[in-house]
Structure formats: C-alpha cells, structure tokens
Amino acid sequence: MQLTGYNIYANGVHLVKIEDATTLEYIDSTYMMRDESLQVEYCVKAVYNGSVESAAVCGTLQYVITSTEAIQSELRLRIFPNPASDILRVEGMNADRSAFELYDTSGIRVLGREVNGANTTIDVSRLSSGFYLIKVVSGNQVHTEKIEITRD
C-alpha cells in the first residue's frame, strides 16, 4: 500500500484531506475568531491508496482566548503591500535568527525560508489570488498576519 495523504479530524468531524503525503504541517484557522475558550481533540489518519485510513493518532489542544492587546508581539514588523500581487516585503525582523512561512486558507504551508537580515522580499507571483497567513519568527518572537494576494 502507498501513502497518499492524511485526513485530519477536529472533535470527530472531518476537517481537511491533505492529498500530499510530504505535507507535514497544517494550521487550523477554524477557531481564530471565537470569543470563548474551548478544547479541541485533533486526530490524524494516514490515507493509503487514496481511500484506506490507518488508525487515528489523537491529541487535545486547549484554545485560550485573550485580548489582542495581551498578545501583541514586541516585533515592529511591516508587511506590505497588502494586498500584494508579485512581491511581498517584510521589514523589521531580528537579523540574527528569522524565518517566515506562508499558509493558504486550508492551513497548508505554501512558502517558507530562513532569512538573513532585517528585511526581505518574498516572491508571491506563483500563488493564486486569495487570503494567506504569514508567520514570521524572529528571535524568540512570533508574528502572524493575514495577507491577500490579488491577480489582475
């Protein structure tokens, strides 16, 4: 049997089918806009030959909602333009240890790399129009922001 992807479940409900067996990361944006704290049990099942699922591997996460003031990053990043069409610029990273990752609305990582320096440009010309999350890790700080890619 050949591994062809993964199924991810949240509280017993099918959340997403990852059809690329090499994808090892997923961000669930389902609970980002909730007002209350909640607990979610995530389960992942490997999919073989397109339809045969393995036994589930599960774990529970506790989402704790705080005010945005309490979670503001100390980073003073500028991510622009937003919306972007070809190039996205990130300024204000810690020059010692920085990286970025770009995720589509399914939570699939579509771009990412380590960055040397306080500023970088990201070629987004290959990406489809839509919304994405960019996660910038600089030193021990993490900054996440929603960006839009537009095609003329």
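Asks: Mind showing me how you'd approach the overall build of the protein here?
Replies: Helices and strands together make up the secondary structure of the protein, namely 0 helices and 12 strands. Secondary structure elements in the protein, listed N-terminal to C-terminal, are β-β-β-β-β-β-β-β-β-β-β-β. Looking at the protein as a whole, 30% of its 152 residues are labelled buried. Looking at the protein as shown, the accessible area adds up to about 9,500 Å², and 48% of this sits on carbon and sulfur atoms.

Asks: Would you mind showing me how to read the pairing of strand 11 (residues 130-138) here?
Replies: As judged from the 6 bridges shared by strand 8 (residues 98-103) and strand 11, these two strands associate in the antiparallel manner. Residue Leu102 lies in a different strand from strand 11, and its bridge partner there is Ile134. Pairing of strand 11 with strand 12 (residues 141-149), which is carried by 9 bridges, proceeds in the antiparallel orientation. Within strand 12, the residue paired with Gly130 across the bridge is Ile149.

Asks: How should the packing of aromatic side chains be read in this particular structure?
Replies: Aromatic ring pairs are reported here in terms of the distance separating the ring centres and the angle at which the planes meet. Going through the model one piece at a time under the given rule, you end up with 0 aromatic pairs. Here the basic side chain of Lys146 rests over the ring of Phe131, its NZ or CZ set 5.0 Å away from the ring centre.

Asks: What is the right way to read the state of the cysteines from this model?
Replies: Two cysteines joined by a covalent bond between their sulfur atoms form a disulfide. This structure, assessed with the given rule, holds 1 disulfide. Here Cys43 connects covalently by a disulfide to Cys58, the sulfurs 2.0 Å from one another. An S-S torsion of about 110° defines the bridge between Cys43 and Cys58 as right-handed. Taken together, the residues Cys43 in strand 3 (residues 38-48) and Cys58 in strand 5 (residues 57-63) connect sequence positions 15 residues apart. Overall, the relative accessible area of 11% leaves Cys43 in the buried class.

Asks: Which parts of the structure should I look at to understand the environment of Glu41?
Replies: Secondary-structure assignment places Glu41 in strand 3. Overall, the relative accessible area of 35% leaves Glu41 in the partly exposed class. Taking C-alpha positions, Glu41 is 8.0 Å from Tyr9, a pair spaced 32 residues apart along the chain. When near neighbours in sequence (up to four residues on either side) are disregarded, Glu41 contacts Tyr9, Ala10, Asn11, Cys58, Gly59 and Thr60.

Asks: Can you help me understand the sheet that holds strand 11 in this one?
Replies: Pairing between the strands of a sheet is mediated by backbone hydrogen bonds and can be parallel or antiparallel. Within the open sheet, the 4 strands sit side by side as 9-8-11-12. Their pairing is antiparallel. Each edge of the open sheet carries a strand with a single partner, namely strand 9 (109-115) and strand 12. Averaged over neighbouring strand pairs, the angle between their axes works out to 15° when direction is ignored.

Asks: Is there a simple way to think about the pattern of salt bridges in this case?
Replies: Note that side chains of opposite charge can pair when their charged atoms are close. In total, this model carries 4 salt bridges according to the counting rule given. In this structure, Lys45 engages Glu53 in a salt bridge whose closest nitrogen and oxygen atoms are separated by 3.6 Å. Under the relative-accessibility criterion, Lys45 is labelled partly exposed at 23%. We classify Glu53 as partly exposed; its relative accessible area is 32%. Between Arg109 and Glu101 there is a salt bridge, with the nearest N and O atoms lying 3.8 Å from each other. By sharing partners, the salt bridges in this structure join Glu101, Arg109 and Lys135 into a single network.

Procedures and definitions
- Residues numbered from 1 in each chain as written.
- Predicted model: local features only at pLDDT ≥ 70, side-chain atom pairs only at ≥ 80, totals over all residues.
- Heavy atoms only, no water.
- Helix = DSSP H or I, 4+ residues; strand = E, 2+ residues; numbered from the N terminus.
- Buried < 20%, exposed > 50% of the residue type's maximum accessible area, 1.4 Å probe, protein only.
- Areas by Shrake-Rupley, 256 points an atom, 1.4 Å probe, with all protein chains shown as cover.
- Pairing = 2+ DSSP bridges.
- Phe/Tyr/Trp six-rings, centres within 6.5 Å; stacked < 30°, edge-to-face > 60°.
- Lys NZ or Arg CZ within 6 Å of the ring centre and 35° of its normal.
- Disulfide = S-S within 2.5 Å.
- Contact = heavy atoms within 4.5 Å.
- Axes fitted to C-alpha atoms, helices over the stretch in contact; angles between N-to-C directions.
- Salt bridge = Lys/Arg side-chain N within 4 Å of Asp/Glu carboxyl O.

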